[in-house]
Amino acid sequence: MSSSPNGASGVERRIRRRSVHRSRSTAVSVALVVLALVAAWIGTESVLRAVGAAPLLADPQTAVDTALRPDAAFVTIAEVIAGVLVVLGIVLVVLALKPGRQHRSPVPHERGAVIIDTRIIAATAANAAGTAAGVPDGNATATSRGTSTEVRVVPVSGIAVDEGIVRDAVKDRLGQLDERFGRRVKVRIAEQGTLS
Amino acid sequence: MTGGPEVPGRVEITARALTSCARAVAAEHLGAPARRVRVTLGDHQGSLALDITGPMAAADDLVGRATTSATAVRDRVGELTGRRVGSAHIELTGIVREHETRVR
């Protein structure tokens, strides 16, 4: 933020980042709520024990005793619980470490934060490829991920499609959106064509 | 079939039109009436594939004539439609005699 030339750009950069990446607040909230519930339960059981009332689920002392002298049933339960906890832990670690990119890309613009959906990039690429190859609209499809785009063209029977021309056309058209999108373009021409 | 970037739009030839065209060409080269000739279009590795079924005019060397007409049909259809024709299969179902039904 300190490197930004004007005040608004910091906010805009944050908006761009928040739009492109998924928020982790849901996972954090769920984990915290679960943690709070477990802590509250342990606290309640301790108070009930101190007062001398009947325990809600299990008396802490008996629970610890059972854990220290495990029988067959307890070992099975402990294994199941441990397995569930391991899976949950892996999920949380993955959520924490992965960038959580959504299918959107920021586009540089002199005013405001501009974010476009990758489907728009893919549709633009498919349109450019279809026009360049001279095939009907449905015969050119594209997928886009990050800055790389893959175009698939099904030629019309009897009309050869030049892969190089299609690639150049797609690169050119995507380059008009932003130069980054036109850099990595893969074109695949289907072996088998379709009639008209 | 693209008009290039300066001409908006595109020329499309429907499969029906291609079939009719190939049928007429095949009938002409086989010497049979067009209504007795059937043509199915397919795709052979990106090129047009013709499947022609019908009779041909009586001749001494039927197989030889059929082979030459297959080549001729292939070239002519490619010329007329501007498509690359990969293969032309001809399945003969009989012969057509000239003056088969004489009008008295």
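Position numbers for residues count from 1 along each chain, tracking the sequence in the order it is written. Here every chain gets a letter starting at A, and every ligand a number starting at 1, in the order they are written. Per-residue local features are limited, in this predicted model, to residues with pLDDT of at least 70; the limit for side-chain atom pairs, both in listing and counting, is 80 or more; totals at the level of whole chains, interfaces and linings are taken over all residues. Side-chain calculation: all heavy atoms of the structure are included, whereas hydrogens and water are not.

Chemist: Describe the overall build of chain A, with residues and values.
Modeler: The numbering of helices and of strands both runs from the N terminus, where a helix is a DSSP run of H or I of at least 4 residues and a strand a run of E of at least 2. Secondary structure summary: chain A contains six helices and five strands in total. Along chain A, from the amino end to the carboxyl end, the secondary structure elements read α-α-α-α-β-β-α-β-β-α-β. With 196 residues in all, chain A has 24% of them scored as buried. Only the protein chains shown count as cover for residues, and all accessible areas are computed by the Shrake-Rupley method using a 1.4 Å probe. Of the roughly 12900 Å² of accessible surface on chain A, 62% is carried by carbon and sulfur atoms. Here's how the labels work: a residue is buried when its accessible area is under 20% of the maximum for its type, exposed when over 50%, partly exposed in between, all with a 1.4 Å probe on protein chains only.

Chemist: Could you give an account of the packing of helix H1 (residues 15-30) of chain B against helix H2 (residues 62-81) of chain B, naming the residues involved and the relevant values?
Modeler: Residue and element names in this part refer to chain B. Contact geometry of H1 with H2 gives a least axis separation of 9 Å together with a crossing angle of 145°. For the pair H1 and H2, the sense of crossing is right-handed. Within the contact between the two elements, H1 uses Leu 18, Cys 21, Ala 22, Val 25, Ala 26, His 29 and Leu 30 and H2 uses Arg 65, Ser 69, Ala 72, Val 73, Arg 76, Val 77, Leu 80 and Thr 81. Axis definition: a line fitted to C-alpha atoms, over the contacting stretch in the case of helices. Angles run 0 to 180 degrees between N-to-C directions. Should the near helix be turned counterclockwise from the far one by less than a right angle, the crossing is left-handed, whereas a clockwise turn marks it as right-handed. Contact definition: two residues touch when any of their heavy atoms are within 4.5 Å.

Chemist: Tell me about the interface of chain A and chain B, and please be specific about residues and values.
Modeler: Across the boundary between the two partners, chain A contributes 16 residues, which contact 17 residues of chain B. Buried area: the accessible area, evaluated with a 1.4 Å probe, that two parts lose upon being put together, summed over both parts. Roughly 1300 Å² is buried in total at the junction of chain A and chain B, and carbon and sulfur atoms are behind 50% of that figure. Salt bridges, as used here, are contacts in which a Lys or Arg side-chain nitrogen is within 4 Å of a carboxyl oxygen on Asp or Glu. At the junction of chain A and chain B, the tally comes to zero salt bridges. Polar contacts here mean pairs of N or O atoms no more than 3.5 Å apart (in protein, one a potential hydrogen donor and the other a potential acceptor; neighbouring residues in sequence count only if both atoms are side-chain atoms). Where chain A meets chain B, there are seven residue pairs in polar contact (both at pLDDT 80 or more). Residues were grouped as follows: Ala, Val, Leu, Ile, Met, Phe, Trp, Tyr, Cys and Pro as nonpolar; Asp, Glu, Lys and Arg as charged; and all remaining residues, including Gly, as polar. Considered class by class, the residues forming the side of chain A that touches chain B number six nonpolar, eight polar and two charged.

Chemist: Quick one: what's the story with the sheet that holds strand S2 (residues 47-57) of chain B, residue by residue and with numbers?
Modeler: Residues and elements named next belong to chain B. Note: two strands are recorded as paired if DSSP finds a minimum of 2 bridges between them. Taking strand neighbours across the sheet as the criterion, the three strands line up as S1-S2-S3 in an open arrangement whose pairing is mixed. Of all the strands in the sheet, the pair left with one neighbour each is strand S1 (38-44) and strand S3 (85-96). Recorded for the sheet is a direction-independent mean angle of 20° between the axes of neighbouring strands. Relative to S2, S1 runs antiparallel, the two sharing seven bridges. Paired with His 44 across the strands is Ser 47, a residue of S2. Across the face of the sheet, H2 comes into contact with S2 and S3 while running at roughly 135° to S3.

Chemist: Explain the packing of helix H5 (residues 118-133) of chain A against helix H6 (residues 163-177) of chain A residue by residue, including any values.
Modeler: Residue and element names in this part refer to chain A. Between H5 and H6, the least distance of the axes is 8 Å, while the angle of their chain directions is 140°. Between H5 and H6, the crossing angle belongs to the class labelled oblique. Of the two elements, H5 crosses H6, and the hand of that crossing is right-handed. Residue-level contacts link Ile 121, Thr 124, Ala 125, Asn 127, Ala 128, Ala 129, Thr 131, Ala 132 and Ala 133 of H5 to Ile 165, Val 166, Ala 169, Val 170, Arg 173, Leu 174 and Leu 177 of H6. Residue composition of the contact of H5 with H6, by class: 12 nonpolar, three polar and one charged. Angular relationships are summarised with four words: roughly parallel below 35 degrees, roughly antiparallel beyond 145, roughly perpendicular across 65 to 115, and oblique for the angles in between.

Chemist: Kindly report on the pairing of strand S5 (residues 184-189) of chain A, identifying the contributing residues and their values.
Modeler: All names here are of chain A. The pairing of strand S4 (residues 148-153) with S5 spans six bridges and is classified as parallel. Its bridge partner lying in S5, Glu 150 is registered against Lys 186. Crossover handedness is defined by viewing with both strands directed away from the observer: a clockwise path from the first strand over the helix to the second marks the crossover as right-handed. Regarding topology, H6 serves as the crossover connection from S4 to the parallel S5, and that connection is right-handed.

Chemist: Hey, could you go over a nonpolar patch on the surface for me, with residue numbers and the actual values?
Modeler: Together, Val 30, Val 34, Val 38, Trp 41, Ile 42, Leu 56 and Leu 57 of chain A make up an exposed nonpolar region whose accessible area comes to about 690 Å². Inspection of the secondary structure assignment puts Leu 57 of chain A in the loop between helix H2 (25-51) and helix H3 (60-68). Each patch groups residues whose relative accessible area exceeds 30% and which form no salt bridge, using 9 Å between like charges and 5 Å between nonpolar side chains of Val, Leu, Ile, Met, Phe, Trp and Tyr.

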